[in-house]
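# Chain and residue survey
One-letter residues, chain by chain:
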Amino acid sequence: MVMLETYTDADAIAASRGDHECFRHLFDRHFDAVHRFLQRRVGRQLADDLAAETFVQAFRHRDRYDGSPDARPWLLGIAVNLMRRHYRSERRQLDAYARTGIDLVAVSGFDNAEERADAANQGRRLARALSSLRDGDRDVLLLYAWADLSYEEIALALGVRIGTVRSRLHRGRRRLRALLEAPAEPARDHLKGDESSR
Amino acid sequence: MKDLELLRQFRSETTPPSEEVVASAYRRMLAESGQAAKSGFDARRGRRVRLALGVAVTAATVAAVMAFLPGGNPGGPRSAAAALSLVARVASEQEAVPALGPGQFYYMRTMSFGLNGLWEPERSPYLYTRTDLDEQWFASDGSGRELLRNGKATFPSERDRLKWIEAGSEDLQSQRTHDEKFPGPKGGLEGMSKAQSGYTGIPQPNLSDLPTDPAALKTVIEARKGVFQGMPGDGETFDIIASTLRSFYAPPKLRAALYQVASELPGVELVGDVKDPVGRPGVAVAYPVVPGLQHELIFDPSNSALLGERWVITNPDASHLYSGIPAGTNLMWFAYLASGIVDSMNERPPGVVDSTN
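Description of the structure in this document. (Residues numbered from 1 in each chain as written. Chains lettered and ligands numbered in written order. Predicted model: local features only at pLDDT ≥ 70, side-chain atom pairs only at ≥ 80, totals over all residues. Heavy atoms only, no water.)

So, about the overall build of chain B. From N to C terminus, chain B includes nine helices and nine strands. Here chain B holds 357 residues, and the buried ones make up 48% of them. Within chain B, contacts between residues at least 6 apart in sequence are counted, and of these 58% link residues at least 24 apart. When the accessible area of chain B is evaluated, it comes to approximately 17,000 Å², of which 53% is carbon and sulfur surface. (Helix = DSSP H or I, 4+ residues; strand = E, 2+ residues; numbered from the N terminus. Buried < 20%, exposed > 50% of the residue type's maximum accessible area, 1.4 Å probe, protein only. Contact = heavy atoms within 4.5 Å. Areas by Shrake-Rupley, 256 points an atom, 1.4 Å probe, with all protein chains shown as cover.)

Structure follows, in structure tokens:
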């Protein structure tokens, strides 16, 4: 069985032209990662749908695959493409978080109120910064920070040049740093009360 | 870097998709091919992986697998000894590469991967991986150039990344380039003590004056004399053979003798047909380095080239160091991508495309 573990994504995609079931290898390997990336951007419910659609699109267009051993950048590129219809929803959720301190997308991992409040303060700044970015800059920054893609992989995923990736990343990080250093606006009191009672 | 660290922690707590969601997504994907109705989806992840890969092998490589797996094609090798003897015969019939002329260089291009941090849990309580690309040019006097480009350091899990931050965010040499020209030894290779040579020593010697008769070579290797330094033992012999095959340039006759000596070494096992770390088909043999860890040599049986090597965890329970790491994980690998003779230290052999000079 050792040899089976050495199969690359490109092998699985090539084999799936003869036997569709072979595409399952790609699904097993990457579905969770694609879902996690989408969930961080638009929440779990929408991520369920978009992750599924990502693999439908990938299967449909597998003949266009470029043969790279790792298909994750390609799949994330499809996921980002599908996300474009939901940029407004993403920005709305980020804005709400920035204003209220309540993140409708994330699952709380903090046990006590103090930790939750610290995280929420930091999170509000980040949410404000992410919301204020151009959509394309946010795509690049989050593929870099959340999906750990290299410049080359991001360029491949988004179908842009590496120079574009560099400039978008530079612009996004500059904006992020500026807003992280700015003081946070106070959250709305009534919503804060809602949060503590959750 | 603080902005990126904060961003990486932002919304890092996610919930994995439920089995229902995964199953539904999978059915939706198969519906694209009209197979949903007849596909029995098994929600147990591990089983799905094995099934999928099994199908992939059946579809694409039955003939190749049968040729080398133990108990497979009756005409194919069933043991490491048989596979190594076959490749030794192929090597013995090959023509040697002409000697380097003045101003010429022998070029080697190697990709390597490492799962780092395993051996010193006190010093680095986290794991990270990095894939590097190394190019070397050697002249006949031992001088040359090394261009090493480190890939991006990646953490296997969020926990490892947080541990790395907690431990002081050590420099992991991520995405660095090292470009160095080195002089040859005084008096050229003839003046260099062969005891100084070996895999890690740059420059390395021309190996053409070593015995090419397998019995004579075996005697020299086992005596640990000349270029063959090291501790006694079969494991060390296997490693010395590997080191020599990957060295500067082992001519075909010497390569044949090395494979033949390996074929007679007790403890070497046939892994079978594999893909090397970059996806090229080859045959692998293995030696158990320590309990739970084996060193594999992957070669191309059609041209006797050493394609790559890897160190694979076979039993995570054999050492506390591997605890929690799945069997089959590569601790380290090398893929020997290209080699050949070129006319300058900025040149690569035909077909080797590189954007950096």
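Let us look at the pattern of salt bridges. All chains considered together, the criterion is met by 24 salt bridges over all chains. When the shortest N-O distance is used, the salt bridge between R138(A) and E90(A) registers 3.0 Å. Taken together, the residues span a long stretch of sequence, with R138(A) in helix α7 (residues 135-145) and E90(A) in helix α5 (residues 87-100) at a distance of 48 residues. Since its relative accessible area comes to 2%, E90(A) is described here as buried. Two residues, E135(B) and R348(B), come together in a salt bridge whose shortest N-O distance is 2.5 Å. Separated by 213 residues along the polypeptide, E135(B) in strand β2 (residues 128-138) and R348(B) in the segment after β9 (330-342) bring together distant segments of the chain. We note that E135(B), like R348(B), is buried. Linked through salt bridges whose partners overlap, the residues forming this network are R41(A), E90(A), R91(A), D135(A), R138(A) and D139(A). (Salt bridge = Lys/Arg side-chain N within 4 Å of Asp/Glu carboxyl O.)

Residues and elements named next belong to chain A. At their nearest, the axes of helix α8 (residues 151-158) and helix α9 (residues 162-181) sit 8 Å apart, and the two run at 105 degrees to each other. As far as their axial angle goes, α9 and α8 are roughly perpendicular. In this structure, α8 contributes Y151, E152, I154, A155 and L158 to the contact, and α9 contributes I162, V165, R166, R168 and L169. Grouping the amino acids of the contact of α8 with α9 by side-chain chemistry returns seven nonpolar, no polar and three charged. (Axes fitted to C-alpha atoms, helices over the stretch in contact; angles between N-to-C directions. Parallel < 35°, antiparallel > 145°, perpendicular 65-115°, else oblique. Nonpolar A, V, L, I, M, F, W, Y, C, P; charged D, E, K, R; others polar.)

With that settled, consider the sheet that holds strand β5 (residues 269-275) of chain B. All names here are of chain B. Pairing is antiparallel in the open sheet, where nine strands are placed in the order β4-β3-β2-β1-β9-β8-β7-β6-β5. Looking at which strands have only one partner, the edges of the open sheet turn out to be β4 (177-182) and β5. On average, each strand axis in the sheet is inclined to that of its neighbour by 20 degrees, with strand direction left out of account. Here strand β1 (residues 105-116) pairs with β9 via 10 bridges, running antiparallel. Within the sheet, the bridge partner assigned to Y107 lies in β9 and is G340. Running at roughly 35 degrees to strand β7 (residues 293-299), helix α8 (residues 234-245) makes contact with β6 (281-290), β7 and β8 (306-313) of the sheet. (Pairing = 2+ DSSP bridges.)

For the rest of this paragraph, the subject is the pairing of β5(B). Residues and elements named next belong to chain B. In terms of residue burial, β5 counts as a mostly covered element, since six of its seven residues are buried. Of the strand pairs in this sheet, β5 and β6 are connected by six bridges, and their pairing is antiparallel. Bridge pairing links G272 to A284 in β6. Counting the residues in the hairpin turn of β5 and β6 gives five residues, including G279, whose phi is positive at 95 degrees.

Right, let's get into the side chain of T8(A). Counting through the fold element by element, T8(A) comes out in the segment before α1 (9-16). Taking relative accessible area as the criterion, T8(A) reaches 14% and is therefore assigned buried.

Our next topic: the side chain of S112(B). Summarising the element assignment, S112(B) is placed in strand β1. Taking relative accessible area as the criterion, S112(B) reaches 17% and is therefore assigned buried.

Attention now goes to the packing of aromatic side chains. Under the counting rule described, the total for this entry stands at 18 aromatic pairs over all chains. Judged by centre distance (6.4 Å) and plane angle (35 degrees), the ring pair of W146(A) and F10(B) falls under tilted. In this pair, W146(A) sits in the loop between α7 and α8 while F10(B) sits in the loop between α1 (2-9) and α2 (19-31), so the two residues belong to two different chains. Taken individually, W146(A) and F10(B) each receive the classification buried, so the pair is uniform in this respect. A ring pair is formed by Y126(B) and Y128(B), whose centres lie 6.3 Å apart and whose planes are at 35 degrees; its orientation type is tilted. Residue class for Y128(B) comes out buried when judged on its relative accessible area of 13%. Among the aromatic residues, those joined into a ring-pair cluster are F27(A), F31(A), F55(A) and Y26(B). Taking NZ or CZ as reference, R62(A) lies 4.1 Å from the ring centre of F59(A), over its face. Taking NZ or CZ as reference, R145(B) lies 4.7 Å from the ring centre of W137(B), over its face. (Phe/Tyr/Trp six-rings, centres within 6.5 Å; stacked < 30°, edge-to-face > 60°. Lys NZ or Arg CZ within 6 Å of the ring centre and 35° of its normal.)

So, on to the environment of N315(B). All names here are of chain B. With respect to the helices, strands and loops of the structure, N315 is situated in the loop between β8 and β9. Looking at N315, the relative accessible area reads 33%, which means it is partly exposed. C-alpha of N315 to C-alpha of I325: the two residues are 10 residues apart in sequence and 9.2 Å apart in space. Once you skip the residues sitting within four places of it in the chain, N315 turns out to touch G292 and Y322.

Structurally, Q122(A) can be placed in helix α6 (residues 113-132). A relative accessible area of 28% places Q122(A) in the partly exposed class. Sequence separation of Q122(A) and L180(A) is 58 residues, and the distance between their C-alpha atoms is 7.9 Å. In contact with Q122(A), not counting residues within four places along its chain, are L180(A) and L6(B).

The next point concerns the pairing of β9(B). The sheet contact formed by β8(B) and β9(B) spans five bridges and is antiparallel. In the sheet register, E309(B) faces β9(B), and the bridge partner there is F334(B).

Within the element layout of this structure, Q93(A) appears in helix α5. C-alpha of Q93(A) to C-alpha of V42(A): the two residues are 51 residues apart in sequence and 7.9 Å apart in space.

In this section: the nonpolar core. Proteins that are soluble and globular tend to have nonpolar side chains buried together. Ranked by size, the top nonpolar core spans 63 residues in total, and within it W74(A), L143(A), L7(B) and F10(B) carry the most contacts. When sequence neighbours within four positions are dropped, the list of residues in contact with W74(A) reads I13(A), L26(A), A58(A), H61(A), R62(A) and Y65(A). Grouped together as the second largest cluster of nonpolar side chains are 42 residues, L118(B), V261(B), L297(B) and Y336(B) included. (Core = buried A, V, L, I, M, F, W, Y, C linked by side-chain atoms within 4.5 Å.)

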